[in-house]
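Coordinate analysis (summary)
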Amino acid sequence: MRFVLNEKIFLPILLLLILCSCEPLVNKFDDIEDAVLYKSNNIVDSQYSADTLLIMTWNIRFGAGRIHWFGDCCGDRVIMTEQEVTTHLEELAEYICQVKPDILLLQEIDIESKRSAYIDQIQWLLDHTYFNYGVYASMWQSQFIPSDGLGRIDMGGAILSRWKISDAERIALPLRGDQDALTQYFYLRRCIIKAKIELPNRADFYVLDIHASAFSTDDTKKNQFDCLKGEMDKIKDIQGAIFVAGGDLNEIPPGSDSTNYCDEDRCPEDEPNSCRDGSDFTNEQEWLNDLYDSYKSAVPLDNYHADNSHYFTHGVVNTDVVNNDSPWNRKLDYLFTNGDWVADSDSTHQSTYKLSDHAPVSAKIVVK
Amino acid sequence: MKAMKKIYVIFFTLFFIACAFPMNAQWSSGTAYTLPKGRMEVGLFQQIRYGQTETREWSTHPILDLLIPNLTVKKAWNTFADWNFTTRHNMTYPTPLLRIISRKGTDGIISPEFDIPQMISLRNEVLLTRKFKPSFLITGKAGLTLAVTSDELDERTTIDLPIIFPRLGVYYDGYAVNFGLDVGGDLNPRFSYLTDVDIFLLPGADEYFAFEHKSLIIWNKSKKLQIMFGYKLVYGEYPFGTQWHLLPLFDIQWAREFKKKK
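Residues numbered from 1 in each chain as written. Chains lettered and ligands numbered in written order. Predicted model: local features only at pLDDT ≥ 70, side-chain atom pairs only at ≥ 80, totals over all residues. Heavy atoms only, no water.

Some words on the sheet that holds strand β8 (residues 191-199) of chain A
Residue and element names in this part refer to chain A. Spatially, 7 strands are ordered β1-β7-β8-β9-β10-β12-β11 in an open sheet, and the strand pairing comes out mixed. Edge positions in the sheet fall to β1 (32-34) and β11 (296-297), since each of these pairs with one other strand and no more. Here 7 bridges tie strand β9 (residues 202-211) to strand β10 (residues 242-248), and the two strands are oriented parallel to one another. Among the inter-strand pairings, leucine 208 is bridged to a residue of β10, identified as alanine 245. Running over the sheet, helix α5 (residues 220-236) touches β7 (165-172), β8, β9, β10 and β12 (333-337) and is turned about 180° from β9. (Pairing = 2+ DSSP bridges. Helix = DSSP H or I, 4+ residues; strand = E, 2+ residues; numbered from the N terminus. Contact = heavy atoms within 4.5 Å. Axes fitted to C-alpha atoms, helices over the stretch in contact; angles between N-to-C directions.)

Printed below as a string of structure tokens:
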């Protein structure tokens, strides 16, 4: 019996495999990529048409509710149980079904993350609400994050719709410029999701979903807002097209009563008088002017100036500075359009305190 | 603190790479042969091995021993119909390493919210090797690993990476089995090759199956030095689903002969 391995075949194959064998841990994404389309397992009739659509945006904090997560509220929790995640998702779905938006813009949604028990939250929400279609773009996709036990992660933004979604793109936003190379490699890569909703009674209706940088200390967010406005301008230039652009901009409106949240965000273990990255907006007060000047906000700036707190969408409970009963202390979440909002149709859903660290914002848009 | 972090990262990387070389070229211990008495072999990433007698070999990873104490003994038994028969027994105590990588910050591999209990595992393997002419070895192996823990290990502590996940799975379910087949031989007087497949089964787990295959080209610089490079292909079931990985392999091994006492 004689076994001979042919080295003329074996060596080239081996060399080829070695060359191919350095898989990157992190997906760095192209500037523009196709977004991932989803479909509910229970499609319901989506032929109904209306003159107005209810649009809602919500940062759902990856189904973590108000657990004391290490990354954003001075907590020590990292990996949730499956039961915790499904309980939080059930509460989110229940609220969504109460409000019944026609199109929902989501931020911080996990599809394959260890921290949220690897539940595909988009598919879960599609299957537990009346939405038929979804589109997802990741902004943090790594086989392994070697920090705090995070492990595998795939988190991003999503758009859920009653109607079919087409032309869905993931548009990369500028990366944070204030991080070292290693941190930046493993860190979030923010993006915009741009998609066309195939409404039965209106052509050229677009949705832009964004989640801008949270803790940057340079002009990263300003650059990201410029990118968003650029995409909005492109749609505006399409004859007859209207869009809704929204999401978590991690920025306060121009003219806010308070611009510094160092006291509110400081963790008990921090140095007294220290300020966490991203807590001081004092030098960023003008950064949303272009968006407000060019497009219509679901919450008009005048209304906001008349009563800031009524429109607050974010708040964490880190210290005694923040009142547990009224944790909202800043507005970070927005909806804009080049069309028309139904007057006084906006709502900032501050009753959702236990469901996320962000409150959803909704408003009706005229589509006919 | 930064120096300590680097040390932790080095230990974890060593653990990862050392696991990628569980079975080695015929120059060393991938077969049912034991090292000759007095011969010691050591690799950059692999275990140090020593032939105590012509039929008994001891091995351990000297650097990893500081945080993941481990010891292997390999005993050659009789030959059956030209097949060499050997058993291999390994004891591993992973608790110190897992406790160190369970931490806050940029080097935390496991979330610090979990307690890591005391754990120990015992792997027992049977190896059968037959040599065919001109220079071709085939080795079959099968093993059973048993583990005990002082308390239940939370399932959220899994490290969901190739190579590591199936090897730590035994601490969650108490037992695991593995099978493998190695073939190796000479390409020419200077170069040899090794290719193998290993299958890991975790009968008590939802993530039940892992498959590993590696191929190595080994440059036999001399009887005391060899350099190997190749790849490892891994398919496995993880808590998130299944995934293929292709990983590079590289190692350098040295050998030393100690004088035999007359």
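There is more to say after this.
What to know about the state of the cysteines
Note on terminology: disulfide describes a covalent bond linking the sulfur atoms of two cysteines. Residues and elements named next belong to chain A. Across all of its chains, the model carries 2 disulfides over all chains by this definition. In this model cysteine 74 forms its disulfide with cysteine 267; the gap between the sulfur atoms is 1.8 Å. Taking the torsion about the sulfur-sulfur bond, which here is approximately -85°, the covalent link between cysteine 74 and cysteine 267 counts as left-handed. Of this pair, cysteine 74 sits in the loop between β3 (52-59) and α2 (82-99) while cysteine 267 sits in the loop between α6 (262-265) and α7 (289-294), and the two are 193 residues apart along the sequence. (Disulfide = S-S within 2.5 Å.)

Brief notes about the pattern of salt bridges
Per the counting criterion, the structure on display carries 34 salt bridges over all chains. The partner of lysine 194 of chain A in a salt bridge is glutamate 231 of chain A, with the nearest N and O atoms 3.7 Å apart. Note that lysine 194 of chain A is positioned in strand β8 and glutamate 231 of chain A in helix α5, a separation of 37 residues in sequence. Neither residue differs from the other here; lysine 194 of chain A and glutamate 231 of chain A are each classed as buried. Three or more residues joined by partner-sharing salt bridges are found here, namely Arg39, Glu41, Arg49, Glu57 and Glu257 of chain B. (Salt bridge = Lys/Arg side-chain N within 4 Å of Asp/Glu carboxyl O. Buried < 20%, exposed > 50% of the residue type's maximum accessible area, 1.4 Å probe, protein only.)

Section: helix α3 (residues 121-128) of chain A
Helical geometry: 3.6 residues make up each α-helical turn, so side chains three or four residues apart lie on a common side. Residues and elements named next belong to chain A. In terms of residue burial, α3 counts as a mostly covered element, since 6 of its 8 residues are buried. Burial in α3 covers these residues: Gln121, Ile122, Gln123, Trp124, Leu125 and Leu126. Lining the buried residues of α3 we find β2 (36-39), α2, β4 (103-110), β5 (133-145) and β6 (151-161). Its side-chain oxygen 3.2 Å from the backbone nitrogen of isoleucine 122, aspartate 120 forms the N-cap of α3. (Polar contact = N/O pair within 3.5 Å; in protein donor to acceptor, adjacent residues only side chain to side chain.)

Points about a nonpolar patch on the surface
Taken together, the side chains of Met91, Ile120, Leu122 and Val148 of chain B make up a nonpolar region of the molecular surface, amounting to roughly 320 Å² of accessible area. Assignment of secondary structure puts valine 148 of chain B in strand β7 (residues 136-149). (Patch = residues over 30% accessible without salt bridge, like charges linked within 9 Å, V, L, I, M, F, W, Y side chains within 5 Å. Areas by Shrake-Rupley, 256 points an atom, 1.4 Å probe, with all protein chains shown as cover.)

Some words on the sheet that holds strand β6 (residues 119-132) of chain B
Residue and element names in this part refer to chain B. Taking strand neighbours around the barrel as the criterion, the 12 strands line up as β1-β2-β3-β4-β5-β6-β7-β8-β9-β10-β11-β12 in a closed arrangement whose pairing is antiparallel. Neighbour-to-neighbour, the strand axes of this sheet turn through a mean angle of 20°, independent of strand direction. As paired strands, strand β4 (residues 70-80) and strand β5 (residues 83-92) are joined by 9 bridges and run antiparallel to one another. Directly across from lysine 74, in β5, lies its bridge partner arginine 88.

Remarks on the side chain of aspartate 251 of chain B
All names here are of chain B. Tracing the backbone through its elements, the reader meets aspartate 251 in strand β12 (residues 241-257). Salt bridges are absent for the buried aspartate 251, whose nearest opposite-charge side chain, arginine 49, sits at 7.6 Å. Within the structure, the side chain of aspartate 251 is placed 3.1 Å from the backbone nitrogen of leucine 44, a separation counted as a polar contact. At a separation of 3.0 Å, a polar atom in the side chain of aspartate 251 contacts the main-chain amide nitrogen of phenylalanine 45. (Lys, Arg positive; Asp, Glu negative; His and termini not counted.)

Side note on the environment of aspartate 154 of chain A
Residue and element names in this part refer to chain A. Turning to its location among the elements, aspartate 154 is positioned in strand β6. Residue classification places aspartate 154 among the buried residues on the basis of a relative accessible area of 6%. Residues in contact with aspartate 154, not counting those within four places in the same chain, are Ile109, Asp110, Ile111, Glu112, Ser113, Tyr136, Ser138, Trp140 and Gln141.

Brief notes about the packing of aromatic side chains
In this structure the tally under the stated criterion is 20 aromatic pairs over all chains. When the centroid spacing of 4.6 Å and the interplanar angle of 50° are considered together, the rings of tryptophan 69 of chain A and phenylalanine 70 of chain A count as tilted. A cation sits over an aromatic face here: arginine 152 of chain A above phenylalanine 240 of chain B, 3.6 Å from the ring centre. Above the face of the tyrosine 261 of chain A ring, arginine 330 of chain A is positioned so that its terminal group lies 4.2 Å from the ring centre. (Phe/Tyr/Trp six-rings, centres within 6.5 Å; stacked < 30°, edge-to-face > 60°. Lys NZ or Arg CZ within 6 Å of the ring centre and 35° of its normal.)

So, the side chain of serine 135 of chain B
Assignment of secondary structure puts serine 135 of chain B in the loop between β6 and β7. With residues near it in sequence (within four places) discarded, serine 135 of chain B still touches Gly184, Gly185 and Asp186 of chain B.

A look at the confidence of the model for chain A
Here chain A shows a mean pLDDT of 91. Residues at 70 or above account for 91%. Predicted confidence for residues 1-5 of chain A stays below pLDDT 50, and this span has 11 contacts to residues more than four positions away or in other chains. (pLDDT = per-residue confidence, 0-100.)

As for the packing of α2 of chain A against α3 of chain A
Residue and element names in this part refer to chain A. Interhelical geometry of α2 versus α3 gives an angle of 45° and a closest axis separation of 10 Å. Compared by their axis directions, α2 and α3 come out oblique. Considering the relative orientation of α2 and α3, their crossing is right-handed. Taken together, the residues of α3 that come into contact with α2 (itself represented by Val85, Thr86, Leu89, Glu90, Ala93, Ile96 and Cys97) are Gln121, Trp124, Leu125 and His128. (Parallel < 35°, antiparallel > 145°, perpendicular 65-115°, else oblique. Left-handed = near helix turned anticlockwise from the far one by under 90°.)

Some points on the pairing of β5 of chain A
Residues and elements named next belong to chain A. Among the 13 residues in β5, 12 count as buried, and that is most of the element. As defined by bridge partners, β2 adjoins β5 across 4 bridges and the pair is classed as antiparallel. Its bridge partner lying in β5, valine 36 is registered against tyrosine 136. Note that β5 and β6 share 10 bridges and pair antiparallel. Residue pairing in the sheet places isoleucine 145 in a bridge with glycine 151 of β6.

Describing the environment of tyrosine 171 of chain B
Residues and elements named next belong to chain B. By the secondary structure assignment, tyrosine 171 is in helix α4 (residues 170-173). The sequence separation of tyrosine 171 and threonine 149 amounts to 22 residues, and the corresponding C-alpha distance is 7.0 Å. There is a polar contact of 2.7 Å between the side chain of tyrosine 171 and the side chain of serine 121.

Notes on the environment of serine 49 of chain A
Tracing the backbone shows serine 49 of chain A in the loop between β2 and β3. Residues serine 49 of chain A and arginine 202 of chain A, 153 residues apart in the sequence, show an inter-C-alpha distance of 9.1 Å.

Points about unusual backbone geometry
Residue phenylalanine 29 of chain A is not a glycine yet carries a positive backbone phi of 65°. Mapped onto the secondary structure, phenylalanine 29 of chain A falls in the loop between α1 (7-19) and β1. A positive phi angle, close to 70°, is found at aspartate 82 of chain B, a residue other than glycine. With respect to the helices, strands and loops of the structure, aspartate 82 of chain B is situated in the loop between β4 and β5. When its relative accessible area of 52% is taken as the criterion, aspartate 82 of chain B is described as exposed.

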